[in-house]
Amino acid sequence: MIVRIEDRLRRPAPADPMRKPGGDGDDGPSSPKVNRPNPNDLLKRMKRVDPDQARRYRQRSGE
Amino acid sequence: METIFGIETEYGIFVDGRDPSDLVNEAIHVVQSYPRPAASPWDYRGEDPRRDMRGFRVGHLTHNPDDARYDRPAERPMSMQEERSDRILVNGARLYNDHGHPEYSTPECSALRQLVAHDKAGERIIFDCARRRSASPESAAVTIYKNNSDYHGMSYGCHESYLLPRSVPFEAILAGMLPFFVTRQIYTGAGKVGAEVRPSPIPIFQLSQRGDFFSVETSVDTLHQRPIVNTRDEPHADARLFRRLHVICGDANLSEYATALKVGTTAVCLELLKRDWKPPVTLENPVAAIQNLSRDQSWQWLVNLEGGKTVRATDVQRLYLEAAEKQLGGDADEDTAWVLKEWAVVLQALEHDPLELADRIDWVAKRTLLEQFLKEEGLDWGDEMAQSLDLEYHNIDPDQGLFYGLEQMGAMRRLVTDEEIERAVNHAPDTTRAWVRGEVIRRFPEAVRTASWNKITLEQQGQITILDLNPLAAGLDPELRERLDAIQSLTEWVRLIGALRPDA
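> Mind showing me how you'd approach the domain arrangement of chain B here?
By a widely used convention, the size of an interface equals the accessible area lost when the partners come together. All names here are of chain B. When cut into domains, chain B gives domain 1 (5-419) and domain 2 (433-498). Here domain 1 and domain 2 have C-alpha centroids that lie 31 Å from each other. In this complex, domain 1 contributes 18 residues to the contact, which on the side of domain 2 involves 20 residues. In terms of residue class, the side of domain 1 that touches domain 2 is made up of eleven nonpolar, four polar and three charged.

Pasting the structure below:
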């Protein structure tokens, strides 16, 4: 099943038991308010990727 | 879970117009661009990466012969301290150049959300350093990747450290963790387009960035002929009381959820070992299994056991989960309860529809995104664009990286807030000895001569004092922290900490 980028946006973010709910100060911080970018922005971002980048990417061996 | 853990990440670095021979210098420049007060140098005395948990010390560590071709005689010989350019930060972390990779080691943490926040803080700090370096007149654009492979045969690590009692025998660690480490990549893997160590005749998408690079079961080596279970015996604590399990077989995760699950499940398994539990399985060939699982395009993820049976990787993982539920589920703390719940959910999804995990597991998120794009553009997995998109998933620039694009769309589960990450950039966990390290550097910077994980060398009025942090290796007592926090005098800090017993 291929999930379209737009479909993924429509799914509600599930409640995560590890994240404490907002409320009084002891319950932990609440989620940041973010302006949700348009999914087309991500597609544009991907189209800007240089197809050559992985070919040019060379690293030193690490641990 | 009662343990202390941390993550050290070697970041990939690309600088326009530079080749691999330049990367040591480029990584030094990035690290030296760190703008805030920090202590330096690192105190390497007492560190011994050649000591092996099996009770011996090797004569030398194995180096990658293919990497040696990039060594270039330095215009001016550098000392190790200059080359490493260590910075010890006020949040208790360590930032330095490790052989051409900017490396960030989180401070010691005692809770999963804390660790996730500090791992993410490392991304922010390294990105800020790279941005500053890019802006300098003598530099070209610097791009940083949180990944483990350059698609040309080189790999670099994201290592986890777990504090364990010395009483847990090495043989128990090896037998207990080998099946777990081989199979956990089904949810910890960051995904990779292609393969170069054993090139594939057809385009493939692997589970893991690192899977191809493990060629032995156990060894003290980390640079070449890498082992699934690293036997380095360097506890950075009282070696009579503790050992540190140094895990090198994991991928660098961008997903907060994946990072928490990777470390959480590992910590839970180690808790089982502390209780003398042994897994009832032995893999027939762990090295072949870790490579084959990563490359399995069928997603059956089968592993062969000693004795001839073949099972699924999820079956192996379930053995650990079920033991953990039985032994730890009754009075589980918050972290353990989260791990047990999410581990079960993830294994269920992996057995029925792995693509359900696109909002939390890095390999699934990446594969889903890339497959959609390739299909819409009329490309396939063998096209060079696929690998470049793979790389861009790991770009830590929030305006360019594809993981960050997904997160900004709300497509990725989060465990911590940006405020928590920002706090972690500037403050150490207050539950571990990292708090002492960070606050000494913040409050008494002029007195710090050197620092390391377990000691700080201070100089006051010509007098040298070594602040031994070993008694705090297993955690920082809240009452002691409050007493220290209220004291303005470094002399009093030294007296209070110096009075601690070794097993405090």
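From this point, the discussion proceeds with the structure in view.
> I'm lost on the interface of chain B and chain A in this one. Help?
Contact with chain B, which involves 55 residues of that partner, is made by 36 residues of chain A. Those elements that place two or more of their residues in the side of chain B that touches chain A are strand S2 (12-15), helix H9 (334-352), helix H10 (362-377), helix H11 (384-393), helix H12 (402-408) and helix H13 (418-426) of chain B. In terms of residues, the side of chain B that touches chain A owes the most to one element, H11(B), which gives eight residues. Looking at the side of chain B that touches chain A, its residues break down into 21 nonpolar, 19 polar and 15 charged.

> What's the story with the sheet that holds strand S5 (residues 87-88) of chain B in this structure? I'm lost.
Within a sheet, each strand pairs with its neighbour through backbone hydrogen bonds, oriented either parallel or antiparallel. All names here are of chain B. Taken together, the six strands give an open sheet; going across it, the order is S5-S6-S7-S1-S9-S14, and neighbouring strands pair in antiparallel fashion. Either end of the sheet is taken by a strand with one partner, and the two such strands are S5 and strand S14 (242-247). In this structure, S5 lies alongside strand S6 (residues 94-97), joined through two bridges in antiparallel fashion. Within the sheet, the bridge partner assigned to Ile 88 lies in S6 and is Arg 94. The strands touched by helix H1 (residues 23-32) are S5, S6 and strand S7 (102-105); relative to S6, the strand with the most contacts, the crossing angle is about 150°.

> Got a minute to help me understand the packing of H1(B) against helix H3 (residues 112-135) of chain B in this structure?
If you want to describe how two helices pack, look at the angle between their axes and the distance between the axes. Residue and element names in this part refer to chain B. Look at H1 against H3: their axes get within 8 Å of each other, and the N-to-C directions meet at 105°. Viewed along their axes, H1 and H3 adopt a mutual orientation that is roughly perpendicular. Between H1 and H3, the residues in contact are His 29, Val 30 and Val 31 and Cys 129, Ala 130 and Arg 133, respectively. Among the residues making up the contact of H1 with H3, the classes are represented as four nonpolar, one polar and one charged.

> Is there a simple way to explain the nonpolar core in this structure?
Proteins that are soluble and globular tend to have nonpolar side chains buried together. Residues and elements named next belong to chain B. Judged by nonpolar contacts, the single largest core of 143 residues is most densely connected at Ile 13, Ile 126, Ile 144, Val 182 and Leu 389. At eleven residues, helix H6 (residues 256-274) tops the list of elements feeding residues into this core. Each of two domains, domain 1 (5-419) and domain 2 (433-498), supplies a minimum of three residues to this core. Setting aside chain neighbours within four positions, we find Ile 144 in contact with Tyr 11, Gly 12, Ile 13, Pro 102, Ile 126, Phe 127, Ala 130 and Ile 396.

> So what exactly am I meant to see when it comes to unusual backbone geometry here?
What is expected of a backbone is that most residues other than glycine have negative phi and most peptide bonds are trans. All names here are of chain B. Cis geometry marks the peptide bond from Ser 40 to Pro 41, where omega comes out at -5°. By secondary structure assignment, the location of Pro 41 is in the loop between H1 and strand S3 (51-52). Even without a glycine there, the phi angle at His 236 is positive, about 55°. With respect to the secondary-structure elements, His 236 resides in the loop between strand S13 (226-230) and S14. Owing to 21 C-beta atoms within 10 Å, His 236 belongs among the buried residues under this scheme. The backbone of Gln 461 shows a phi angle near 50°, a positive value even though the residue is not glycine. With respect to the helices, strands and loops of the structure, Gln 461 is situated in the loop between strand S18 (455-460) and strand S19 (463-468).

> Help me understand the pairing of strand S8 (residues 142-145) of chain B, please; the structure alone is not making it clear to me.
Side-chain positions along a regular strand alternate between the two faces of the sheet. Residues and elements named next belong to chain B. In S8, alternate side chains face the same way, and those of Val 142 and Ile 144 on one face and Thr 143 and Tyr 145 on the other are all buried. With four bridges joining them, S2 and S8 adopt antiparallel strand pairing. Within S8, the residue paired with Val 15 across the bridge is Val 142.

> Would you take a moment to explain the sheet that holds S19(B) for this structure?
Residue and element names in this part refer to chain B. Reading across from one edge, S17-S18-S19 is the order of the three strands in this open sheet, with antiparallel pairing throughout. A strand with exactly one partner marks an edge of an open sheet, and here the two such strands are strand S17 (448-451) and S19. Shown here is a sheet whose adjacent strand axes are inclined to one another by a mean of 20°, direction ignored. Relative to S18, S17 runs antiparallel, the two being bridged by three bridges. What sits directly across from Ala 451, in S18, is Ile 456.

> Help me understand the confidence of the model for chain B in this model?
Any region with low pLDDT has predicted coordinates that should not be read closely. On average, residues of chain B score 96 in pLDDT, and 99% of them are at 70 or above. Under the prediction, the complex receives an ipTM of 0.94, its pTM being 0.93.

> I keep staring at the packing of H6(B) against H9(B) and nothing clicks. Help me out?
Residue and element names in this part refer to chain B. Relative orientation of the contacting elements H6 and H9 amounts to 110°, with a least axis distance of 9 Å. One element, H6, and the other, H9, form an angle in the roughly perpendicular class. Listed contacts from H9 to Leu 261, Gly 264, Thr 265 and Val 268 of H6 are Asp 335, Thr 336, Trp 338, Val 339, Glu 342, Trp 343 and Val 346. Here the contact of H6 with H9 is composed, by residue class, of six nonpolar, three polar and two charged.

About the criteria used
Residues numbered from 1 in each chain as written. Chains lettered and ligands numbered in written order. Predicted model: local features only at pLDDT ≥ 70, side-chain atom pairs only at ≥ 80, totals over all residues. Domains from an automatic or database assignment. Contact = placed C-beta atoms within 7 Å. Nonpolar A, V, L, I, M, F, W, Y, C, P; charged D, E, K, R; others polar. Helix = DSSP H or I, 4+ residues; strand = E, 2+ residues; numbered from the N terminus. Pairing = 2+ DSSP bridges. Axes fitted to C-alpha atoms, helices over the stretch in contact; angles between N-to-C directions. Parallel < 35°, antiparallel > 145°, perpendicular 65-115°, else oblique. Core = buried A, V, L, I, M, F, W, Y, C linked by C-beta atoms within 7 Å. Buried ≥ 20, exposed ≤ 12 C-beta atoms within 10 Å, placed from the backbone. pLDDT = per-residue confidence, 0-100.

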